[in-house]
Amino acid sequence: KQLTVYASHLQDSTTGLFFHAYDEKGTATWADPTTHHSSEFWGRSIGWFGMALVDDLDTIPADHPQRAAVLKILTDLIAGLAKYQDASTGLWYQVVNKGTVAGNWLETSCSSMYTYVISKAVEKGYVDSTYLAIANKGYQGVLTKVSLAADGVTTSIKDICVGTDVGDYAYYIARTKATNDLHGLGAFLIMSEQMIKTATAH
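Here is a short report on the structure shown in this document. (Residues numbered from 1 in each chain as written. Predicted model: local features only at pLDDT ≥ 70, side-chain atom pairs only at ≥ 80, totals over all residues. Heavy atoms only, no water.)

### Description of the packing of helix H2 (residues 43–56) against helix H4 (residues 108–123)
And step 1. Running from amino to carboxyl end, H2 crosses H4 at an angle of 25 degrees, the nearest separation of the two axes being 8 Å. When the axis of H2 is compared with that of H4, the two are roughly parallel. Remark: the crossing between H2 and H4 carries left-handed chirality. Counted together, Gly43, Arg44, Ile46, Gly47, Trp48, Gly50, Met51, Val54 and Asp55 of H2 and Ser109, Cys110, Met113, Tyr114, Tyr116, Val117, Lys120 and Ala121 of H4 form the full contact between these two elements.
And step 2. For the contact of H2 with H4, a count of residues per class yields ten nonpolar, four polar and three charged. (Axes fitted to C-alpha atoms, helices over the stretch in contact; angles between N-to-C directions. Helix = DSSP H or I, 4+ residues; strand = E, 2+ residues; numbered from the N terminus. Parallel < 35°, antiparallel > 145°, perpendicular 65-115°, else oblique. Left-handed = near helix turned anticlockwise from the far one by under 90°. Contact = heavy atoms within 4.5 Å. Nonpolar A, V, L, I, M, F, W, Y, C, P; charged D, E, K, R; others polar.)

Set out below in structure tokens:
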């Protein structure tokens, strides 16, 4: 129920993406007076929910009356993510649907999350196997954000958005691009385990 209620308020019917936040009363400074949701599709907020969807399907029974609804939420999201993947790098932008707008930047944690979601959805048969190419391209893109120190052992992962509140476009693109922020490290490890498991990233 939480998954479907969340999606009913935040999933955009045109893109399949999710707005960052919803205020029931519509009184928050960032809330649209009609829809009550925020204005932008922020990368990592979509990633958290996408991961919840694909992981929760592991335990939602096949005959559950809402399973089909949860699956549609997921597949609509994945179609949107495929549409907005950067064609040259395989990564996704901090504000996902505005890659051509000045100041936007390719963000590592959401790119790791989306790669995980798409790869697992293919593995589980929730989406067509053609999406595997999207996941593989995302994985290779994330690897370009990883650097190896002179000791040949220590690695660093760059361009990870720090913890973030709800805001407008200018707010999101002005967020600090951190190196080795735990939001990105955790997502990178989870993505890597998934890609290794499915033997698609070698």
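### Describing the side chain of threonine 15
And step 1. Structurally, threonine 15 is set in the loop between helix H1 (2–10) and H2.
And step 2. Within the structure, the side chain of threonine 15 is placed 3.1 Å from the backbone nitrogen of leucine 17, a separation counted as a polar contact.
And step 3. Other than its neighbours up to four places away in sequence, threonine 15 contacts Phe41, Asp76, Gly80 and Tyr84. (Polar contact = N/O pair within 3.5 Å; in protein donor to acceptor, adjacent residues only side chain to side chain.)

### So, the packing of aromatic side chains
The relative placement of two aromatic rings is captured by the distance of their centres and the angle of their planes.
And step 1. Per the stated rule, a full pass over the model turns up seven aromatic pairs.
And step 2. Between phenylalanine 18 and phenylalanine 49 the ring centres are 4.9 Å apart and the planes differ by 70 degrees, which places this aromatic pair in the edge-to-face class. One end of the pair, phenylalanine 18, is in the loop between H1 and H2; the other, phenylalanine 49, is in helix H2, and 31 residues separate them in sequence.
And step 3. When the centroid spacing of 5.2 Å and the interplanar angle of 85 degrees are considered together, the rings of tryptophan 92 and tyrosine 114 count as edge-to-face. Taken together, the residues span a long stretch of sequence, with tryptophan 92 in strand E1 (residues 92–93) and tyrosine 114 in helix H4 at a distance of 22 residues. Note on accessibility: tryptophan 92 and tyrosine 114 belong to one class, buried.
And step 4. Cluster of aromatic residues (ring-pair linked, three or more members): Tyr6, Phe18 and Phe49. (Phe/Tyr/Trp six-rings, centres within 6.5 Å; stacked < 30°, edge-to-face > 60°. Buried < 20%, exposed > 50% of the residue type's maximum accessible area, 1.4 Å probe, protein only.)

### Section: the nonpolar core
And step 1. Judged by nonpolar contacts, the single largest core of 46 residues is most densely connected at Ile46 and Leu74.
And step 2. Elements with a contribution of two residues or more to this core: H1, H2, helix H3 (67–84), E1, H4, helix H5 (132–143) and helix H7 (182–197).
And step 3. In terms of residue count, H4 provides more of this core than any other element does, eight residues in total.
And step 4. Among residues more than four places away in sequence, those in contact with isoleucine 46 are Leu17, Phe18, Phe41, Leu77, Leu81, Val96 and Tyr114.
And step 5. Among the nonpolar cores identified, the runner-up in size contains nine residues, and Ala21, Trp42, Cys161 and Val166 belong to it. (Core = buried A, V, L, I, M, F, W, Y, C linked by side-chain atoms within 4.5 Å.)

Just geometry here; none of it tells us what the structure is for.
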